Amino acid sequence: MRNKVWPGGLVVVLAAMFGTVLTADQQSSSGDGDLVADQLDILTERLHGQESPSVQLTLDKTNVFVGEQFTAKIKIRGATPKGIVWKLNFSDGSKELRGEFDDKRSVTRSHRYSAAGVYQVEARVQGLGKPHQYRQTIHVSKQESPGNTPAGQGSTEASSADDDCQEDRRQLKHYYIGLLALVSLVAVQCMAFAWFIHAVTTKIRRFTCQ
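Quick caveat, the model's predicted, so the values are computed rather than measured. The residue count restarts for each chain, going from 1 along the sequence in the order it is written. Since the coordinates come from a predicted model, pLDDT governs what is reported: local features require at least 70, and pairs of side-chain atoms require 80 or more to be given and counted, while whole-chain, interface and lining totals use all residues. Water and hydrogen atoms play no part in the side-chain values, which are based on all heavy atoms of the structure.

### Examining the overall build of the protein
Stated formally: Helix and strand definitions follow DSSP, with helices as H or I runs of at least four residues and strands as E runs of at least two, each counted in order from the N terminus. Type-normalised accessible area, obtained with a 1.4 Å probe on protein chains alone, sets the label of each residue: buried when under 20%, exposed when over 50%, and partly exposed for intermediate values. In what follows, a contact means two residues having at least one pair of non-hydrogen atoms within 4.5 Å. Every accessible area reported is derived by Shrake-Rupley at a probe size of 1.4 Å, with residue values counting cover from the shown protein chains alone.
A tally of regular secondary structure across the protein gives three helices and eight strands. Buried residues in the protein amount to 20% of all 210 residues. Taking the contacts inside the protein whose residues are at least 6 apart along the sequence as the reference set, 57% of them involve residues at least 24 apart. Accessible surface for the protein amounts to roughly 15200 Å². Of this, 57% is attributable to carbon and sulfur atoms.

Here is the structure:
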């Protein structure tokens, strides 16, 4: 009796494997990699008997800058996707995303944060017998703008600017002193020339009077 049952069960297993792999090959030729991965998961579950439903939440990045895009992926295992509802919350006040799984048994959504901080990405799945809830932490930092300078560099540049300003003031002071000396010299020469003209005129008058 056992010899008759075993070949039949083997045929069923091989048929399921062949059908699954064939579906994966067809989807791979159409470029749908996610569906291929899901079909391979189904094959693995059938081979190892892992039929208990499970949910997986993954982020492609866990450290991003403000405004930088990242993706969150919810994936179910051990269950058919029909009638299973997913919800995705990014805990930043944005609208909660929701929908139903398609044949891929996974859903991917992108998001951007507008403020720095530490956020919890929360995924909830309903329809697997009991609610499944998962969280992933993501760190969002403020991106340094091109106008910002590293710590210490700003003070160094300010000190250099002050030194340049003081040097300009010293040079301007020397310029004014030189200009004043030149004006004084011209004034002295003018006075000396005027005195010389006065002296010559006086002598000419005396000579004429005699």
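### Quick look at the sheet that holds strand E4 (residues 85–89)
To keep it simple, the criterion reads: One requirement defines pairing of two strands: DSSP has to find at least two bridges between them. Every axis in this analysis is a line fitted to C-alpha atoms, fitted for helices over the stretch in contact. Angles between the N-to-C directions lie between 0 and 180 degrees.
Strand order across the open sheet formed by five strands is E2-E8-E7-E4-E5, with mixed pairing between neighbours. In the strand order of this sheet, the two ends are held by strand E2 (63–65) and strand E5 (97–100), each with one partner. The average undirected angle you get between the axes of adjacent strands in this sheet is 25°. By the bridge criterion, nine bridges tie strand E7 (residues 117–126) to strand E8 (residues 132–141) in an arrangement that is antiparallel. In the strand pairing of E8, Val-125 is matched with His-132.

### Thoughts on the confidence of the model for the protein
What counts here: What pLDDT expresses is the predictor's confidence in each residue, scored from 0 to 100.
For the protein, the average pLDDT comes to 74, and 66% of its residues sit at 70 or higher. Confidence scores differ between elements of the protein, with helix H1 (residues 2–29) showing the lowest mean pLDDT of 43 and E2 the highest of 96. Scored below 50 in pLDDT, residues 1–31 makes 16 contacts in the model with residues more than four places away or belonging to other chains. The model gives residues 45–49 a pLDDT under 50, and that stretch makes 10 contacts with residues more than four places away or in other chains.

### Focus on a nonpolar patch on the surface
Just so we agree on the cut-off: Distance thresholds for patches are 9 Å for like charges and 5 Å for nonpolar side chains (Val, Leu, Ile, Met, Phe, Trp, Tyr), applied to residues having over 30% relative accessible area and no salt bridge. The term salt bridge refers to a side-chain nitrogen of Lys or Arg lying within 4 Å of a carboxyl oxygen of Asp or Glu.
A cluster of nonpolar side chains, contributed by Leu-172, Tyr-175, Tyr-176, Leu-179, Leu-182, Val-183 and Val-186, occupies part of the molecular surface with about 690 Å² of accessible area. With respect to the helices, strands and loops of the structure, Val-186 is situated in helix H3 (residues 153–209). Classification of Val-186 by relative accessible area gives partly exposed; the value is 39%.

### Details of the pattern of salt bridges
A complete count under the given rule lists five salt bridges for this structure. Here Glu-68 and Lys-61 are joined by a salt bridge, their closest N and O atoms 3.0 Å apart. A relative accessible area of 29% places Lys-61 in the partly exposed class. Here Arg-124 and Glu-96 are joined by a salt bridge, their closest N and O atoms 2.4 Å apart. Taken together, the residues Arg-124 in strand E7 and Glu-96 in the loop between E4 and E5 connect sequence positions 28 residues apart. Overall, the relative accessible area of 27% leaves Arg-124 in the partly exposed class.

### Considering the side chain of Glu-122
The test is simple: Within 3.5 Å is the distance limit for a polar contact, defined as a pair of N or O atoms, with the added protein rule that one can donate a hydrogen and the other accept it, and that residues adjacent in sequence qualify only through two side-chain atoms.
Of note, Glu-122 is situated in strand E7. A polar atom in the side chain of Glu-122 sits 3.0 Å from the side chain of Arg-135. Setting aside residues no more than four positions away along its own chain, Glu-122 makes contact with Lys-87, Leu-88, Asn-89, Gln-133, Tyr-134 and Arg-135.

### Overview of the pairing of strand E1 (residues 54–59)
Of the two faces of E1, the one holding Val-55, Leu-57 and Leu-59 is buried and the one holding Ser-54, Gln-56 and Thr-58 is not buried anywhere. As defined by bridge partners, E1 adjoins strand E3 (residues 70–77) across six bridges and the pair is classed as antiparallel. The partner of Val-55 across the bridge, within E3, is Ile-76.

### Looking at unusual backbone geometry
The phi angle of most residues is negative, glycine excepted, and most peptide bonds adopt the trans form. The phi dihedral of Ser-91 is positive, around 55°, even though this residue is not glycine. Within the secondary structure, Ser-91 sits in the loop between E4 and E5.

### Observations regarding the packing of aromatic side chains
Within a pair of aromatic rings, the relevant descriptors are the distance that separates the centres and the angle that separates the planes. Stated precisely, the cut-off is as follows: Centres within 6.5 Å make a pair out of two Phe, Tyr or Trp rings, where for Trp the six-membered ring is used; the pair is then stacked when the planes are under 30 degrees apart, edge-to-face when over 60, and tilted otherwise.
A full pass over the atoms with the stated rule returns four aromatic pairs. Ring centres of Phe-70 and Phe-90 lie 5.9 Å apart, and the angle between their planes is 80°; on these two criteria the pair is classed as edge-to-face. A residue pair is termed long-range when its members are at least 10 positions apart, and Phe-70 in strand E3 and Phe-90 in the loop between E4 and E5 qualify at 20 residues. Here Phe-70 matches Phe-90 in class, with each residue buried. Between Phe-70 and Tyr-113 the ring centres are 5.6 Å apart and the planes differ by 10°, which places this aromatic pair in the stacked class. Of the two residues, Phe-70 sits in strand E3 while Tyr-113 sits in the loop between strand E6 (106–111) and E7, which places them 43 residues apart along the sequence. Residue Phe-70 shares its accessibility class with Tyr-113, and that shared class is buried.

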